[in-house]
Amino acid sequence: MSDFEREQAQQRAARIAAFREELSALSAEQVLQLSEAQALAVSSHHQRLLAHFRQTLDIDADVRARQLSLGMRLASLFGALALAAGLFFLFYQFWGLFAASAQVAILLGSTLGSLLLCHWLQRRDSSGYYARLAAVLAFVCFVLNLSMLGQIFNIAPSDKALLPWGALALLLAYQCRQRLLLVVALLCFGLFVAARLGDWAGWHWWSLAERPELFMPLTALLLVPQGWDQRRYLGFAACYRVMGLLYLLGPVLVLSYWGGGSYLGWSTGWIEAFYQTLGFALSGLAIWLGIRRGWSEVVSTGLVFALIMLFAKLFDWWWQLLPRYLFFLLLGLIALLLLVLLLVLLQRWRRTANGGAA
């Protein structure tokens, strides 16, 4: 059994549930009436199929099971973060009580032990929750390993540590299908690339936050799902797209109000005006592209950035000029106008889709 097979079975179970609801609605509307033999055959087939999925692949076959599964995922995520934080502070609390040789042994043992635990749980945990939790712990142990070994042997901090951290997070993410670790890996790689670009431009890697444009080349993450099929990994393609947009729109948002951090040789006012205009254009492009390709996460990210930039600009214009009640009333009216605009676009989209279907 593989996680990919389990995800396919889970999707099949969701289609069965949707089919049953639609068939019930069509029957009530007297559009489609199956004979008793046909209805019994379909129902029996679905019951056998769902029973097989439950027994062999441990799927969530109904709404209640899916709700419980969601709760288990949230508990697993919270538990992983809490245990990781606890492990981190445990190391620092008692670290000075051990000799250097014992410290090295503890670091290596915790890293190798957590990796072996993750591998062992993945082979025996059909649900995957415990394996994902162990994967987060293994990553935290590895981060502690490198950082604290550097302190023991007085090694200067370096951005190069981000590369092995990101590599391990990426491997664990794909091995355990853990989206949290994928995001962590993309953050590590993004910081590493920005630090290297800053170093080549003559900036110390600690100062990379002072040059937001260094993060913009990471927009190439948007292309990863196009060139590397992610269908076997649920939600991974969305992570790449959202992180790619964040590496693009985040610096644009910062530079639209802090032109002094740009490499452009213009005046600060012109730089900020340029990035404000670019931010609205890129947000609109992201919304359009997300709607066209059916990428809901891209639409949401573009819309959030567009709203942030819009209301930040309105704050600059009106906060000092208008009474507070009038300012917020105007914000409410603008929000209503945006709602009407989106509703009109949605209706036009539906008419276009219906015309295409016809």
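Predicted model only: the values in this text are computed from it and were never measured.

A word on the packing of aromatic side chains. Applying the stated criterion across every chain yields a total of 12 aromatic pairs. Taken together, a centroid distance of 5.1 Å and an interplanar angle of 20 degrees make the contact between Tyr174 and Trp228 stacked. Of this pair, Tyr174 sits in helix α6 (residues 162–176) while Trp228 sits in the loop between α8 (224–227) and α9 (236–255), and the two are 54 residues apart along the sequence. Residue Trp228 is classed as partly exposed on the basis of its relative accessible area, which comes to 43%. Aromatic side chains Phe274 and Tyr275 sit 5.1 Å apart centroid to centroid with 70 degrees between the ring planes, which places their arrangement in the edge-to-face category. Aromatic ring contacts, followed pair by pair, group Tyr174, Trp228, Tyr233 and Phe236 into a single cluster.

Within the protein chain, residue pLDDT values average 83, and 90% of them lie at 70 or more. Of all helices and strands in the protein chain, the one with the weakest mean pLDDT is helix α3 (residues 63–94) (71), whereas α9 scores best (94).

Bringing unusual backbone geometry into the picture now. Here the phi dihedral of Arg177 falls at roughly 55 degrees; this positive angle occurs in a residue that is not glycine. Looking at the element boundaries, Arg177 is found in the loop between α6 and α7 (179–200). Classification of Arg177 as buried rests on a relative accessible area of 13%.

With that out of the way, let us pick up the packing of α9 against helix α10 (residues 268–293). In contact at an axis separation of 8 Å, α9 and α10 are set at 150 degrees when each is read in the N-to-C sense. Between α9 and α10, the angle falls in the class roughly antiparallel. Remark: the crossing between α9 and α10 carries left-handed chirality. Taking contact as the criterion, the partners of Leu245, Leu248, Leu249, Val252 and Leu255 in α9 are, on α10, Ile271, Glu272, Tyr275, Leu278, Gly279, Leu282, Ser283 and Ala286. Counted by class, the contact of α9 with α10 contains 10 nonpolar, 2 polar and 1 charged residues.

For α10, with 26 residues, the first-to-last C-alpha span of 37 Å sits near the 38 Å given by 1.5 Å per residue. Here α10 has its buried residues at Ile271, Tyr275, Gln276, Gly279, Leu282, Ser283, Ala286, Ile287 and Gly290. On its buried side, α10 packs onto α9 and α11 (296–318).

Rules behind the numbers
Per chain, the residues get numbers from 1 upward, laid out in the order the sequence is written. Where local features are concerned, this predicted model is filtered to residues with pLDDT of at least 70; where side-chain atom pairs are given and counted, the filter is 80 or more; whole-chain, interface and lining totals use all residues. With hydrogens and water excluded, all non-hydrogen atoms of the structure serve as input to the side-chain values. Any two of the Phe, Tyr and Trp rings considered here, Trp counted by its six-membered ring, make a pair once their centres fall within 6.5 Å; the pair's planes then place it as stacked at under 30 degrees, edge-to-face at over 60, or tilted in between. A run of H or I in DSSP becomes a helix once it reaches four residues, and a run of E becomes a strand once it reaches two; helices and strands are each numbered from the N terminus. Note on exposure labels: buried denotes an accessible area under 20% of the residue type's maximum, exposed denotes more than 50%, and partly exposed covers the range between, all computed with a 1.4 Å probe on protein chains only. Per residue, pLDDT measures the predictor's confidence, with a range of 0 to 100. Here an angle of 0 to 180 degrees is reported between the N-to-C directions of two axes, which are lines fitted to C-alpha atoms, with helices fitted over the stretch in contact. Put simply, angles under 35 degrees are roughly parallel, angles over 145 are roughly antiparallel, angles from 65 to 115 are roughly perpendicular, and the rest are oblique. Rotating anticlockwise by less than a right angle from the far helix to the near helix defines a left-handed crossing, while the corresponding clockwise rotation defines a right-handed one. Any two residues having at least one pair of non-hydrogen atoms within 4.5 Å are treated as being in contact. Polarity classes work like this: nonpolar for Ala, Val, Leu, Ile, Met, Phe, Trp, Tyr, Cys and Pro, charged for Asp, Glu, Lys and Arg, and polar for all others, with Gly in that last group. Given a helix with a known number of residues, its expected span is that number minus one, times 1.5 Å.

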